[in-house]
Amino acid sequence: MPKAERGINELYRDDPERADAVVFGRRGLLKGVSLAAMGAAVGAAIPFAARMPTGLIPAALAQAGGAAAPKMLSMPGKAGLVVLQDRPLVCETPEHMLDDEVTPNDKFFIRNNGGVPDAPADPKAWKIKVDGEVNTPLELNLGEIEQRFPAVTLKLQLECGGNGRAGFQPEARGNQWSNGAIGCAEYTGVRLKDVLAAAGPKPSAVYTAHVGADPHLSGQAGQLSISRGVRLAKAMDEHTIIALRMNGQPLPAIHGGPVRLVVPGWPGSASHKWLTRIWIRDKEHDGPGMTGTSYRVTRKPMIPGGKVDDANMTILESMPVRSIITSVAHGAELAAGTRKLPVRGHAWAGELAVSQVEVSVDYGATWKKADLRAPSNKFAWQRWSTEVDLPSDGYYEIWAKATDASGRAQPHVVGNWNPQGYGGNAFHRVAVLVKA
Ligand SMILES: Nc1nc2c(c(=O)[nH]1)N[C@H]1C(S)=C(S)[C@@H](COP(=O)(O)O)O[C@H]1N2
Ligand SMILES: [Mo]
């Protein structure tokens, strides 16, 4: 076993041969001493060891990771999320805490790039400006917005563009999210398209630019911590909303209260919090988070860790297909003799619907099709469920694989390497131990 202070992923990155030697005993077929060594490492016999690809890091070891136990969030109104960063505050929801059909406010992940603005004394007086390439620039407070435009309530997935980043090899820059930078809450607000229609986009209008009230970490006034935008067509989608409520409550301050955008299916960074201005532009927006390698993926694959060719980078729009297992926690211990295990979770695929979810307990040698529900509205995640057979006691990994409506499935390992690690959507793997 590697020393606890050195994570197995780190060891694989720095010295893959030694890592293999530590985990597998030697390269080659998993048998004899190597198998016994790995079984000891994961704490049990591995019934499907013969089907385990050589070089695969057992999930139990991979996610045991580094030295320190994860730091848990302690904040009124929030559950014990895993803190990835304090300043700005970035917190991930462990996958098994995402089992609810609709993600409650307390369990929703947090991704700030700057500070949190002071809560307004009178939320209804909070103003939003719409200007730029429009015939009638608007400045409306939230009271006026609610009065003037029809209300809409939708369940919408909000996923950070970097969700799954921890799977990139070599490591990609940024917060090392597992799969928990996702939530699907029920938001209430007005359609952005109704507000934009009232302003009257000019023929020159092609892109939005989003501005919010969160202070930059440098303390410099006027500097934006992030300002992204989307193509006008996405802004005009009827599921893109200006949200004032989350799960029936006034939008919590940490999630952008009193008002934010929700631009579902695209990187969460487009869903601007503490919204104060929508600037309509006659070209692609170039604010912080729009340029260089930010929120960009490759057109053609690049050499992992290699030199970036700017011309090969393109803005990430629809998020890729992903599924998570939410009914059983990673590292769960099940009673000896457990032979059937109900498994369920959620799946989503950016702009697309999910067409199929499959589950494997034998390292992908065989797959079982899960029951998959239709989304309650477009851009809501989809519930899947099934039951798996565990032929004996021992160590298992449950793998989930979703396929989107275009036929594209999640890969075994993260591909499409890009410098900031977007779109990493490898299978979610959960280790369980049926205690002998
Ligand atoms: N004003 C503002 N809006 C923002 C951000 C931010 O830092 N400032 N972070 C963005 C990013 S990167 C994500 S993933 C989502 C996260 O929303 P949440 O904190 O409600 O989960 O908010 C987006 N909106
Ligand atoms: Mo994000």
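Residues numbered from 1 in each chain as written. Chains lettered and ligands numbered in written order. Predicted model: local features only at pLDDT ≥ 70, side-chain atom pairs only at ≥ 80, totals over all residues. Heavy atoms only, no water.

(A) Expanded view of the overall build of the chain. Scanning the chain for helices and strands turns up seven helices and 23 strands. When burial is assessed residue by residue, the chain has 53% of its 436 residues classed as buried. Partitioning the contacts of the chain with sequence separation of at least 6, the portion at a separation of at least 24 is 71%. Accessible surface for the chain amounts to roughly 18300 Å². Of this, 52% is attributable to carbon and sulfur atoms. (Helix = DSSP H or I, 4+ residues; strand = E, 2+ residues; numbered from the N terminus. Buried < 20%, exposed > 50% of the residue type's maximum accessible area, 1.4 Å probe, protein only. Contact = heavy atoms within 4.5 Å. Areas by Shrake-Rupley, 256 points an atom, 1.4 Å probe, with all protein chains shown as cover.)

(B) Broad picture of the site of ligand 1. Around ligand 1 lies a shell of 19 residues, among which Phe 109, Asn 113, Asp 214, Arg 260 and Lys 273 are the nearest. Contact distances for ligand 1 include 2.6 Å between an oxygen atom and a backbone N or O atom of Asn 113. Between a nitrogen atom of ligand 1 and a side-chain N or O atom of His 272, the distance comes to 3.1 Å. Bound to the protein, ligand 1 loses 100% of the 530 Å² it would expose on its own. (Near = heavy atom within 4 Å. Polar contact = N/O pair within 3.5 Å; in protein donor to acceptor, adjacent residues only side chain to side chain.)

(C) View of unusual backbone geometry. In this chain, Arg 87 is followed by Pro 88 through a cis amide linkage whose omega measures 0 degrees. Position of Pro 88 among the secondary structure elements: in the loop between strand E1 (82–85) and strand E2 (90–92). The amide bond that connects Gln 169 to the next residue, Pro 170, takes the cis arrangement and shows omega of -5 degrees. As for its placement among the helices and strands, Pro 170 is situated in the loop between strand E6 (151–159) and strand E7 (182–191). For Tyr 295, which is not glycine, the phi dihedral falls at a positive 50 degrees. Residue position: Tyr 295 is located in the loop between strand E12 (275–281) and strand E13 (296–298). Its relative accessible area of 8% is what places Tyr 295 among the buried residues. One non-glycine residue, Phe 379, lies in the positive phi region at around 75 degrees. Among the structural elements, Phe 379 can be located in the loop between strand E20 (371–372) and strand E21 (382–389).

(D) The arrangement of the side chain of His 428 in detail. In this fold, His 428 is placed in strand E23 (residues 428–434). Beyond its immediate stretch of four places on either side in the chain, His 428 contacts Glu 95, Asn 179, Ser 323, Ile 324, Ile 325, Ile 398, Trp 399, Ala 400 and Gln 410.

(E) Quick look at the packing of aromatic side chains. The full count for this structure, using the stated rule, is eight aromatic pairs. For the ring pair Trp 399 and Phe 427, a centre distance of 5.6 Å and an interplane angle of 45 degrees mean the geometry is tilted. With Trp 399 in strand E22 (residues 394–404) and Phe 427 in the loop between E22 and E23, this pair connects stretches of sequence that are 28 residues apart. In this structure Phe 427 comes out as buried when scored by relative accessible area, which is 7%. Each member of the aromatic cluster is reached from another via a ring pair, and the members are Tyr 363, Trp 367, Trp 399 and Phe 427. (Phe/Tyr/Trp six-rings, centres within 6.5 Å; stacked < 30°, edge-to-face > 60°.)

(F) Fine view of the sheet that holds strand E3 (residues 110–111). In spatial order, the strands read E1-E2-E3; together these three strands make up an open sheet with antiparallel pairing. Each edge of the open sheet is held by one strand with a lone partner, namely E1 and E3. (Pairing = 2+ DSSP bridges.)

(G) Expanded view of the nonpolar core. Ile 325, Tyr 363, Trp 384, Leu 390, Tyr 395, Ile 398 and Val 432 are the most contacted members of the largest nonpolar core, which totals 38 residues. It is E22 that provides the largest number of residues to this core, a total of six residues. Each of two domains, domain 1 (8–62) and domain 3 (322–434), supplies a minimum of three residues to this core. (Core = buried A, V, L, I, M, F, W, Y, C linked by side-chain atoms within 4.5 Å. Domains from an automatic or database assignment.)

(H) Quick peek at the pairing of strand E5 (residues 138–141). The alternating pattern of E5 places Leu 138 and Leu 140 on a buried face, while none of Glu 139 and Asn 141, on the opposite face, is buried. Taking the residues between adjacent antiparallel strands as the criterion, strand E4 (residues 127–132) and E5 are bridged by five residues.

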